[in-house]
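Observations on the model geometry
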Amino acid sequence: MIDTKGRIQVDKVEEGQTYSSAEVEALVDEAKEEGRVSVLDSLRESLENGNTIISVLKSFYPEYIVVAANQKYNFVPINEELTKSAFNIDNLVEDETTGRYSYIEDGKVTSRFGIDVSSHQGDIDWEAVKADGVEFAFIRAVYRGYGTGKLVVDEKCIENIEGAQAAGIDVGVYVFSQAISKDEVLEEASTVIDLLKGYELQLPIVFDVEKVSDSEARTNTLSVEDRTNLTIGFLNSIKNAGYDGMIYHNTEMGAMLIDLTQLTEYPKWFAGYNKEFYWPYEYQLWQYSESGTVKGIKGKVDLDLWLQ
């Protein structure tokens with residue numbers, strides 16, 4: 001329609017023509033049809049090239065964060081007040097053999113390759129992991145049941161910390177939180193602080209705030225304000241104990257379930273498995289795969305890229 005208006009104005013100037021209301025409406029209808037065909041052609045081409053529906057929507061609506069959640073597509077306006085990510089997709093290089101990513105600037109690799117693990121990975125040969133290029137690892141320390149609310153120390157946490165550090169791998173830990181109250185989130189913080197006594201971390205303690213898809217999950221009733229306040233409570237608690245903190249979130253959590261404007265002082269770990277830097281806001285760590293392979297670990301493992 002914009003193009004049609006532009007063409008009408010040019011025609012008037014160059015040819016001195018005037019148009020009746022009916023003729024203008026006909027031109028508008030023509031432009032709408034041309035636009036519809038153009039959009040459909042672009043959609044078909046994108047899908048034929050193997051792009052997903054969500055990827056296509058992202059390209060059509062760059063001013064929004066498009067989130068597939070709650071059985072629909074949600075369009076969340078990008079907040080221009082938040083610091084934007086400076087990462088350039090052209091600097092992302094994928095290894096054709098391993099499928100792993102590196103970020104390269106001025107011919108130099110500026111990223112670090114890492115993993116995150118829990119007791120789900122079983123016994124890990126950390127020397128083999130190191131030999132396969134892993135530079136850092138985040139290890140699950142504590143998790144809370146999303147149904148029972150029971151807080152549990154990961155049975156492999158200390159073993160993994162000791163094994164990774166002995167192999168020369170930098171270590172951080174994460175807490176999978178399903179807290180629904182201030183008392184519970186402070187319990188999570190104090191538990192991980194007590195667990196780490198006698199150990200030194202090279203990387204932050206991460207507050208892993210996730211929405212569980214189970215309809216019975218106890219955290220489903222939390223508001224954005226609730227989740228944000230619980231996140232702040234955890235991070236302030238570990239900060240007061242002398243540790244650095246970090247927030248782990250995916251697209252839905254970051255766009256719809258926590259208030260990032262209140263969390264700007266904390267570094268972010270973003271989880272997104274598309275081959276693009278879609279998340280618009282600043283983050284330091286990117287979990288880009290949940291199905292990677294690393295020597296020394298049986299089965300699949302999450303792959304991460306430390307970008308700055």
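Read on for a plain summary of the structure. (Residues numbered from 1 in each chain as written. Predicted model: local features only at pLDDT ≥ 70, side-chain atom pairs only at ≥ 80, totals over all residues. Heavy atoms only, no water.)

Quick look at the overall build of the protein
A count of helices and strands for the protein gives 8 helices and 14 strands. By the compact-globule yardstick of 19 Å for 308 residues, the protein is too spread out, its C-alpha radius of gyration being 24 Å. Once the C-alpha set of the protein is aligned to its principal axes, its extents read approximately 85 × 45 × 30 Å. Residues counted as buried form 45% of the 308 residues belonging to the protein. When contacts within the protein are restricted to residue pairs at least 6 apart in sequence, those whose partners lie at least 24 apart make up 60%. Taken as a whole, the protein presents about 16500 Å² of accessible surface, with 47% of it coming from carbon and sulfur. (Helix = DSSP H or I, 4+ residues; strand = E, 2+ residues; numbered from the N terminus. Rg over C-alpha atoms; globule rule 2.2 N^0.38 Å. Buried < 20%, exposed > 50% of the residue type's maximum accessible area, 1.4 Å probe, protein only. Contact = heavy atoms within 4.5 Å. Areas by Shrake-Rupley, 256 points an atom, 1.4 Å probe, with all protein chains shown as cover.)

A short note on a nonpolar patch on the surface
A cluster of nonpolar side chains, Val 39, Leu 47, Ile 53, Phe 60, Tyr 61, Tyr 73 and Phe 75, forms an exposed patch at the surface whose accessible area comes to about 590 Å². Listing elements by their share of the nonpolar patch, those giving two or more residues are helix 2 (21-48), helix 3 (53-60) and strand 2 (72-77). Relative to the helices and strands, Leu 47 resides in helix 2. (Patch = residues over 30% accessible without salt bridge, like charges linked within 9 Å, V, L, I, M, F, W, Y side chains within 5 Å. Salt bridge = Lys/Arg side-chain N within 4 Å of Asp/Glu carboxyl O.)

So, the nonpolar core
Counting 73 residues, the largest nonpolar core has Ile 115, Trp 126, Val 192, Phe 234 and Trp 286 as its most contacted members. Counting 11 residues, the second largest nonpolar core, distinct from the first, contains Phe 136, Phe 138, Tyr 248 and Trp 306. (Core = buried A, V, L, I, M, F, W, Y, C linked by side-chain atoms within 4.5 Å.)

Comments concerning unusual backbone geometry
One non-glycine residue, Gln 71, lies in positive phi territory at about 60 degrees. With phi around 50 degrees, Asp 106 is a residue other than glycine that occupies positive phi space. Relative to the assigned elements, Asp 106 resides in the loop between strand 4 (101-105) and strand 5 (108-109).

Things to note about the pairing of strand 9 (residues 170-177)
Most of strand 9 sits out of view: 7 of its 8 residues are buried. Bridging between strand 9 and strand 10 (residues 205-209) involves 5 bridges; their strand directions are parallel. Of the residues in strand 10, the one forming a bridge with Val 173 is Ile 205. Handedness of the crossover joining strand 9 and strand 10 through helix 6 (residues 182-195) is recorded here as right-handed. (Pairing = 2+ DSSP bridges. Right-handed = clockwise from strand over helix to strand, strands pointing away.)

Topic: the pattern of salt bridges
Applying the stated criterion across every chain, the model contains 15 salt bridges. For Glu 94, the salt bridge is made with Lys 275, and the minimal N-O distance between the two is 3.8 Å. Placement of the pair is Glu 94 in strand 3 (residues 92-94) and Lys 275 in the loop between strand 12 (268-271) and strand 13 (285-292), with a sequence separation of 181 residues. Judged by its relative accessible area of 37%, Glu 94 falls in the partly exposed class.

Quick word on the sheet that holds strand 5
As summarised here, the arrangement of the 3 strands in space is 3-4-5, forming an open sheet in which the pairing is antiparallel. Edge positions in the sheet fall to strand 3 and strand 5, since each of these pairs with one other strand and no more. Relative to strand 4, strand 3 runs antiparallel, the two sharing 3 bridges. Bridge assignment links Val 93 to a residue of strand 4, and that residue is Ser 102.

Section: the environment of Thr 293
With respect to the element layout, Thr 293 can be found in the loop between strand 13 and strand 14 (301-306). Its relative accessible area of 47% is what places Thr 293 among the partly exposed residues. In the structure, Thr 293 is positioned 194 residues away from Gly 99 in sequence and 9.6 Å away in space, judged by C-alpha atoms.

Concerning the packing of aromatic side chains
On inspection of all chains with the given rule, the structure shows 20 aromatic pairs. Ring centres 5.6 Å apart and planes at 85 degrees place the aromatic pair Phe 136 and Trp 306 in the edge-to-face group. Residue Phe 136 is found in strand 7 (residues 136-144), and its partner Trp 306 is found in strand 14; the two are separated by 170 residues along the sequence. Classification of Trp 306 by relative accessible area gives buried; the value is 14%. Put simply, the rings of Phe 87, Tyr 101, Tyr 103, Phe 270, Phe 277, Trp 279, Tyr 281, Tyr 283, Trp 286 and Tyr 288 touch in pairs and so form one group of aromatic residues. Between the NZ or CZ atom of Lys 58 and the centre of the ring of Tyr 278, over which it lies, the distance is 4.0 Å. (Phe/Tyr/Trp six-rings, centres within 6.5 Å; stacked < 30°, edge-to-face > 60°. Lys NZ or Arg CZ within 6 Å of the ring centre and 35° of its normal.)

A word on the environment of Val 185
Among the secondary structure elements, Val 185 is positioned in helix 6. C-alpha of Val 185 to C-alpha of Ala 241: the two residues are 56 residues apart in sequence and 15 Å apart in space. Among residues more than four places away in sequence, those in contact with Val 185 are Ala 179, Phe 207, Leu 230 and Phe 234.

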